[in-house]
Amino acid sequence: MQLTSKTKGICILLGVLAAIGVGTWIYQLVNGLGVTGMSNVNSWGTYIIMFMLFVGLSAGGLIVASSAHVFNIESFKPLALPAVICSTVCICLAGMFILIDLGGIVRIWRILTGPNFVSPLLWDMCVITCYLVINILDLVWISKGAEEKVRKLSYVALPVAILVHSVTAWIFGLQIAREWYTAIMAPIFVASALDSGLALLIVCLVALDRAGIAEFPVKLQNMLGKLLATFVAVDAFFIGCEVLTMAYPGAGQAQALAIMATGETAPFFWFEMIGGLLIPFLLLAGQKRRNSTGLVVTASLLVVFGVFCKRCWLLLTSFVEPNMYGAPGISLGTHAAQTGGRATWALTGSYMPTLPEVVIVIGVLALGGLAFTLLSQYLIKGRTQTQGAAGEAHAAKPAEANRAAV
Amino acid sequence: MTKLAIAINLHRCTGCHTCVNACKMQNNVPMGMLWNRVITENSAVSDGVEGTYPNISRTTIPLACQHCENPACQKVCPTGATYKDDMGRVEIDYDKCIGCRMCMAACPYNVRVFNWNEPDRDPGFNYGDARVPVRSKGVVEKCTLCKERTDNGQVPMCVECCPMEARVYGDLDDPNSEISKLRAKNNVRILLEDMGTKPQVFYLE
């Protein structure tokens, strides 16, 4: 299998970005999490936002792949391999973001020697590990063509995929101290995992089609677009339920709602409402519009970015107003706070990612891009080529034809 | 069983911050963070007031770990680094802390602080009680109810140093202790009682 010069160029670029990210991570390990924008009042930031986003993005792939077998949707079956590659890469990135966020990664083995089984974080680590194993098994069996094993695994994969997002939601949703404390957190996470995950899968499938690696017929694009529109509607419904419940009593959570609607996190909230839910839904609602690859990709990218914005407002809104409010406030513990004086204190929470944080995030994303590119080259293209050589010319033909077109 | 606790008489507290400094000195708390702080409730300025003139009031609340009976922080800790000990205190085993900061998200009182950087101490060396373990970068810390002192029958440093004698330290499981009698009175205030964390630190209004 040969990489084209264009693919090679992309891989080198992604590799360099990933290397810079690793370097910056080492810088963070040496200097501490003080190099980020986090503080004692806003104690989680971009890494946790990206963690939530990527756990969600991972869903789409595995759910589409397992649905193909569980519900016997024949037309989804050719998508299973790219879908599982996408899912595997995303869950690895999610895990990486959690590890990067840890202040004491050298003591991580303590989770194995003294696990606290009531901690949602422990549940999450268990369920993510299961999920990763399922993804890898799926990947191996699909590429080997072990149809029966894949079918059986799908019955396990589908509930685990839903569980992994619910458990991630419970990390937040079970905390009575914060505005996250709501029973709808898990359904919201599953819904936004479904829409953002499927949206990312569509983008990846279009990219693979353009690269001549795997064919993505317009009919299938139309079908997935329709499914995406449904998922977006479900997500919007859940968010609507939550927002109404927050707003109606006019007390308690209404303060948090005000921060979301008109305060610090308003840009994220409104982008998601309009750019991440309404516009993509309208774009995908029309039967004819779904045949346009440009429109479907635009809508999909909007959905992914909208869900990213949702992660931002969801996480950060809860850190703005401390429950015990009063001057001088909370001692921040940041690098600036160490110099003493007013810089030590904050009455309310604020957060802005720093350059090292952004560089690390870009590095992780680049690593993901690299892994996806290489895996799809080796597993999909490599596979279609061997199949072609074995005489199953029909499998290889579309890819070849597409490459000629590109 | 023992259930160590502190009662703070808000009528006696003048907001002098002596307990803040006593705690910092005793426990070698690094620059930029405090285990115990005094807030002027619902005021954007220190020593400010609540309400509008002439209907104004001022409450200064010394705020540190509430040593909850139902600690939200302890439940969420994945490694069991945060634990409830047999004296009823919420403690941290720094060797087990992986710095995930789940406990900081779970604590309703914002009393946990994290070593974001290499801990910095103004005199350039460790100070305070030599028995207090030195924490490293990347771990969470908070009030231990002066574990090293209370283990040896001494009272916590904030209680020892309060010039107004606003603080009472004792065992809530001992019905004859002063603190148990104070706890039974009807002027007890529990911070964020509706969170259900059942703090052992309580306030007298």
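Let me begin by describing the structure that accompanies this report.

The rules behind each value
Residues numbered from 1 in each chain as written. Chains lettered and ligands numbered in written order. Predicted model: local features only at pLDDT ≥ 70, side-chain atom pairs only at ≥ 80, totals over all residues. Heavy atoms only, no water. Helix = DSSP H or I, 4+ residues; strand = E, 2+ residues; numbered from the N terminus. Rg over C-alpha atoms; globule rule 2.2 N^0.38 Å. Buried < 20%, exposed > 50% of the residue type's maximum accessible area, 1.4 Å probe, protein only. Contact = heavy atoms within 4.5 Å. Areas by Shrake-Rupley, 256 points an atom, 1.4 Å probe, with all protein chains shown as cover. Pairing = 2+ DSSP bridges. Phe/Tyr/Trp six-rings, centres within 6.5 Å; stacked < 30°, edge-to-face > 60°. Buried area = accessible area lost by both parts, 1.4 Å probe. Salt bridge = Lys/Arg side-chain N within 4 Å of Asp/Glu carboxyl O. Polar contact = N/O pair within 3.5 Å; in protein donor to acceptor, adjacent residues only side chain to side chain. Core = buried A, V, L, I, M, F, W, Y, C linked by side-chain atoms within 4.5 Å. Expected span 1.5 Å × (residues − 1). Axes fitted to C-alpha atoms, helices over the stretch in contact; angles between N-to-C directions. Left-handed = near helix turned anticlockwise from the far one by under 90°. Nonpolar A, V, L, I, M, F, W, Y, C, P; charged D, E, K, R; others polar. Lys, Arg positive; Asp, Glu negative; His and termini not counted. Disulfide = S-S within 2.5 Å.

## Digging into the overall build of chain A
A tally of helices and strands in chain A yields 13 helices and three strands. The globule rule puts the C-alpha radius of gyration for 406 residues at 22 Å, and the 22 Å found for chain A is close to it. With the C-alpha coordinates of chain A rotated into their principal frame, the extents come out at 75 × 50 × 40 Å. Here chain A holds 406 residues, and 54% of them are scored as buried. Taking contacts inside chain A between residues at least 6 apart in sequence as the whole, the part at least 24 apart equals 77%.

## A look at the overall build of chain B
Looking only at helices and strands, chain B has six helices and 12 strands in total. The C-alpha atoms of chain B give 17 Å as radius of gyration, which agrees with the globular expectation for 205 residues (17 Å, within 12%). The principal-axis extents of the C-alpha atoms in chain B amount to approximately 50 × 40 × 30 Å. Expressed as a percentage of the 205 residues in chain B, the buried residues total 61%. Taking as baseline every contact in chain B between residues at least 6 positions apart, the subset at least 24 positions apart corresponds to 62%. Put simply, chain B shows about 8,400 Å² of open surface, and 48% of that area lies on carbon and sulfur atoms.

## Structural notes on the sheet that holds strand β5 (residues 60-63) of chain B
Read from one edge to the other, the open sheet built from three strands follows the order β1(A)-β2(B)-β5(B), with strand pairing classed as antiparallel. Of all the strands in the sheet, just β1 (326-327) of chain A together with β5 of chain B have a single pairing partner and so form its edges. Bridging between β1 of chain A and strand β2 (residues 37-41) of chain B involves two bridges; their strand directions are antiparallel. By the bridge assignment for β2 of chain B, Gly326 of chain A is matched with Glu41 of chain B.

## Observations regarding the packing of aromatic side chains
All names here are of chain A. All chains considered together, the criterion is met by 13 aromatic pairs over all chains. Each ring, one from Phe54 and one from Phe97, has its centre 5.9 Å from the other, and the planes form 35°; the classification is tilted. Here Phe54 is found in helix α2 (residues 46-70), whereas its partner Phe97 is found in helix α3 (residues 80-101), with 43 residues between them in sequence. Phe97 carries the same exposure label as Phe54, and that label is buried. On the basis of an interplanar angle of 85° and a centroid distance of 5.6 Å, the ring pair of Trp180 and Phe319 is categorised as edge-to-face.

## A short note on the environment of Arg167 of chain B
Residues and elements named next belong to chain B. Looking at the element boundaries, Arg167 is found in strand β10 (residues 167-171). Look at Arg167 and you get buried, because its relative accessible area is 10%. Once the C-alpha coordinates of Arg167 and Arg12 are considered, the two residues, 155 residues apart in sequence, prove to be 8.7 Å apart. Beyond its immediate chain neighbours, meaning those up to four positions away, Arg167 contacts Ile6, Ala7, Ile8, Cys19, Asn36, Pro62, Cys158, Val159 and Cys162.

## What about the interface of chain A and chain B?
Taken together, the contact between chain A and chain B spans 54 residues of the former and 55 residues of the latter. Taking both sides of the interface into account, the surface hidden between chain A and chain B amounts to around 4,300 Å²; carbon and sulfur atoms contribute 55%. If you sort the residues of chain A by the area they bury against chain B, Arg107, Met324 and Gln338 of chain A come out on top, with a joint share of 17%. Here chain A is connected to chain B by one salt bridge. Among the ionic pairs, Asp101 of chain A bridges to Arg101 of chain B, the shortest N-O distance being 2.7 Å. Counting across the chain A and chain B interface gives 30 residue pairs in polar contact (both at pLDDT 80 or more). Secondary-structure elements contributing two or more residues to the side of chain A that touches chain B are α1 (5-31), α4 (110-113), α5 (120-144), β1 and β2 (330-331) of chain A.

## Digging into the sheet that holds β10 of chain B
Residue and element names in this part refer to chain B. Judged by pairing direction, the sheet is mixed, and its four strands sit side by side in the order β10-β1-β12-β11 without closing on themselves. Each edge of the open sheet is held by one strand with a lone partner, namely β10 and β11 (188-189). In this sheet, strand β12 (residues 202-204) lies alongside β11 in antiparallel orientation, the contact comprising two bridges. The residue bridging Val188 from the neighbouring strand is Leu204, located in β12.

## Description of the nonpolar core
Trp44, Phe51, Phe54, Phe97, Phe172 and Leu315 of chain A are the most contacted members of the largest nonpolar core, which has 166 residues in total. Per-element tally for this core: the top contributor is helix α7 (residues 185-210) of chain A, with 17 residues. What Phe54 of chain A contacts, discounting residues up to four positions off in sequence, is Cys90, Leu93, Ala94, Phe97 and Leu365 of chain A. Core analysis: the second largest hydrophobic core is formed by nine residues, Ala5, Val168, Leu182 and Phe202 of chain B among them.

## Digging into α7 of chain A
Between its terminal C-alpha atoms α7 of chain A stretches 37 Å, which fits the 38 Å expected from 26 residues at 1.5 Å a residue. Within two residues after α7 of chain A, Gly212 of chain A carries a phi angle of roughly 75°, on the positive side.

## Considerations on the environment of Thr7 of chain A
Secondary-structure assignment places Thr7 of chain A in helix α1. Other than its neighbours up to four places away in sequence, Thr7 of chain A contacts Thr373 and Gln377 of chain A.

## As for the packing of α2 of chain A against α5 of chain A
Residue and element names in this part refer to chain A. Orientation of α2 relative to α5, taken along the N-to-C sense of each, is 35°, at an axis distance of 12 Å. Seen from above, α2 lies across α5 with left-handed handedness. Residues Phe51, Val55, Ser58, Ala59 and Leu62 of α2 form the contact with α5, whose participating residues are Asp124, Ile128, Tyr131, Ile134, Asn135 and Asp138. The residue inventory of the contact of α2 with α5, partitioned by class, reads seven nonpolar, two polar and two charged.

## Quick look at the pairing of strand β1 (residues 4-9) of chain B
On a regular strand, one side chain projects to one face of the sheet and the next to the other, so that they alternate. All names here are of chain B. Counted residue by residue, β1 has five buried out of six residues, so it is predominantly covered. Pairing of β1 with β10 involves five bridges; the strand directions are antiparallel. Bridge pairing in β10 links Ala5 to Gly170. Note that β1 and β12 share three bridges and pair parallel. When the sheet's bridge partners are listed, Ala7 is paired in β12 with Phe202.

## Focus on the side chain of Asp195 of chain A
Residues and elements named next belong to chain A. Structurally, the position occupied by Asp195 is in helix α7. Here Asp195 occupies a buried position and makes no salt bridge, while the nearest side chain of opposite charge, Lys310, is found at 6.1 Å. What Asp195 contacts, discounting residues up to four positions off in sequence, is Leu228, Phe231, Val232, Asp235, Leu277, Val303 and Val307.

## What to know about the state of the cysteines
Residue and element names in this part refer to chain B. Overall, the coordinates contain zero disulfides over all chains when judged by the stated rule. Cys107 takes part in no disulfide bond, and the closest cysteine sulfur to it belongs to Cys73, at a distance of 6.3 Å. When its relative accessible area of 7% is taken as the criterion, Cys107 is described as buried. Lacking any disulfide linkage, Cys158 is separated from the closest cysteine sulfur, that of Cys146, by 6.1 Å. Given a relative accessible area of 10%, Cys158 falls into the buried group.

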